[in-house]
Amino acid sequence: MLTILFSPSEGKHSGGNTQQQELFGATEARKTILEAYSSIVLSQNRAEIQELFGFKKFSDCKPYIVDIFNTALMPAIARYDGVAYDYLQYKDQQSDTQSYLREHTIIFSNLYGPILGGDTIANYKVKQGNSIGDIAPDKFYKDRFSYQLDLYLQDKDVLDLRAGYYDKFYKVTKPYTTLKFLKEGKVVSHWAKAYRGIVLREVAKAGIDSLEAFNSLEIEGLSVHEIKKTKNKTEIVYNIVE
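The structure reproduced in this document is the subject of the present report. (Residues numbered from 1 in each chain as written. Predicted model: local features only at pLDDT ≥ 70, side-chain atom pairs only at ≥ 80, totals over all residues. Heavy atoms only, no water.)

## Digging into the overall build of the protein
What counts, and what does not: Secondary structure follows DSSP: runs of H or I at least 4 residues long count as helices, runs of E at least 2 residues long count as strands, and numbering of each begins at the N terminus. Our radius of gyration is a C-alpha quantity, and the globule rule it is checked against amounts to 2.2 Å times the number of residues to the power 0.38. Only protein chains enter the area calculation, which uses a 1.4 Å probe; residues under 20% of their type maximum are buried, those over 50% are exposed, and those in between are partly exposed. Between two residues, a contact is recorded if the distance between any of their heavy atoms is within 4.5 Å.
When you go through the protein residue by residue, the secondary structure sums to eight helices and 10 strands. Its C-alpha atoms give the protein a radius of gyration of 18 Å, within 12% of the compact-globule value 18 Å for 242 residues. Referenced to the eigenvectors of the C-alpha coordinate spread, the extents of the protein come out at roughly 50 × 35 × 35 Å. Burial statistics for the protein: of 242 residues in total, 50% are counted as buried. Taking as baseline every contact in the protein between residues at least 6 positions apart, the subset at least 24 positions apart corresponds to 69%.

## Quick look at the side chain of Ser109
Put simply, the rule reads: Any N or O atom pair separated by 3.5 Å or less is treated as a polar contact, with the protein-specific requirement of one donor-capable and one acceptor-capable atom, and with residues adjacent in sequence counted only for side-chain atom pairs.
Note that Ser109 resides in strand S3 (residues 105-109). Overall, Ser109 belongs to the buried group, its relative accessible area being 0%. Polar side-chain contacts of Ser109 include one of 3.0 Å to the backbone nitrogen of Leu111. Here Ser109 is in contact with Pro8, Tyr80, Ile115, Tyr124 and Phe169, once residues within four sequence places are set aside.

## Some details on the packing of helix H1 (residues 31-41) against helix H2 (residues 46-53)
As a reminder of what qualifies: Geometry is summarised by axes, namely lines fitted to C-alpha atoms with helices restricted to the contacting stretch, and by angles between N-to-C directions that run from 0 to 180 degrees. Angle categories: roughly parallel below 35 degrees, roughly antiparallel above 145, roughly perpendicular from 65 to 115, and oblique for all the rest. When residues are sorted by character, Ala, Val, Leu, Ile, Met, Phe, Trp, Tyr, Cys and Pro go into the nonpolar class, Asp, Glu, Lys and Arg into the charged class, and all the rest, Gly among them, into the polar class.
At a closest axis distance of 8 Å, the pairing of H1 and H2 adopts a crossing angle of 130°. In terms of orientation, H1 and H2 fall into the oblique class. Residues Tyr37, Ile40 and Val41 of H1 lie in contact with H2, whose contacting residues are Glu48, Ile49, Leu52 and Phe53. Here the contact of H1 with H2 is composed, by residue class, of six nonpolar, no polar and one charged.

## Overview of the side chain of Thr178
Position of Thr178 relative to the elements: it lies in strand S7 (residues 176-183). Given the relative accessible area of 12%, Thr178 is considered buried. At 3.1 Å, the side chain of Thr178 forms a polar contact with the backbone oxygen of Asp160. When sequence neighbours within four positions are dropped, the list of residues in contact with Thr178 reads Asp160, Lys233, Thr234, Glu235 and Ile236.

## Examining H2
Formally: The reported arc concerns the directions from the helix axis to the C-beta atoms and nothing else.
Within H2 the residues assigned to the buried category are Ile49, Gln50, Leu52 and Phe53. Axial view of H2: buried residues confined to an arc of 165°, hence all on one face. Away from the buried face of H2 by more than 90 degrees, exposed residues Ala47 and Glu51 are located. Packing partners of the buried residues in H2 comprise H1. You can read the cap of H2 off the contacts: a side-chain oxygen lies 3.2 Å from the backbone nitrogen of Ala47, and it is on Asn45. Once H2 finishes, Gly54 follows within two positions and takes phi at roughly 85°, a positive value.

## Observations concerning the environment of Tyr80
With respect to the helices and strands, the residue Tyr80 is situated in the loop between helix H3 (76-79) and helix H4 (83-88). Residues Tyr80 and Ser9 lie 71 residues apart in sequence; the distance between their C-alpha atoms is 5.6 Å. In this view, Tyr80 contacts Pro8, Ser9, Gly11, Lys12, His13, Tyr85, Ile107, Ser109, Ile115, Ile121 and Tyr124; residues no more than four positions away in its chain are not counted. Of the polar contacts made by the side chain of Tyr80, one reaches the side chain of Tyr124; its length is 2.7 Å.

## Observations concerning the environment of Thr27
Mapped onto the secondary structure, Thr27 falls in the loop between strand S1 (2-6) and H1. Filtering out sequence-adjacent residues up to four positions away, Thr27 remains in contact with Gln21 and Glu22. Engagement of the side chain of Thr27 in a polar contact is seen with the backbone nitrogen of Leu23, the distance being 3.1 Å.

## What to know about the packing of aromatic side chains
Put simply, the rule reads: For Phe, Tyr and Trp, rings pair up if their centres lie within 6.5 Å, where Trp contributes its six-membered ring, and each pair is then called stacked (planes under 30 degrees apart), edge-to-face (over 60) or tilted (otherwise).
Following the criterion strictly, the structure yields 20 aromatic pairs and no others. Ring centres of Tyr37 and Phe53 lie 6.5 Å apart, and the angle between their planes is 35°; on these two criteria the pair is classed as tilted. Taken together, the positions of Tyr37 in helix H1 and Phe53 in helix H2 put the pair 16 residues apart, joining distant regions of the chain. Just as Tyr37 is buried, Phe53 falls in that class too. Pairing Trp191 with Tyr195 gives two aromatic rings, centres 6.2 Å apart and planes at 45°, and the pair type is tilted.

Encoded structure:
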């Protein structure tokens, strides 16, 4: 089985009508950080809320001022709204592709930590790199979930499509594959987000179940430039071709 590690997005879709369910690795394990977040969001302290969310205008905060324990929920893979997710086009995919994305993707949320794509989450906002009260999310989840992730991934192939920042939440300890994207010989950033979304979409549409099968997958707009192997990491470097 192939598991894909993925980044969240600053933007979110509002609403949701999915029933609450147990999160990956147990909801209870997140109790401290979720309660700290809720305390700030419901505090009516504008300065603290704006700092947590990373907004200069309080009016921009209002869509996210909700009780996360009693609000509309949505699968994480559908909640996020950003460049990678725009190209993933989750809502436009067929039901079997959507099921694959819910079951095979682990997203590293700045609030909820590692969650499956199908785990239901509230509409929330935590600016990347911010602490929640006195809790640093990356350290909180690295300390509590690394061993559990090691166990969960031990019999799975791992494709790591996360941005480098999320290595702080979890460092893969087994052999895994990651990707890099070049355009005219230079590493790209914006287009890297887009192509991570495209790669995840095409993997899901093809129902890829192993790294061996992934290595044979042809993706429009990408050609393999080189493959680098360092310790337990295999890095496939792609050229973006037009």
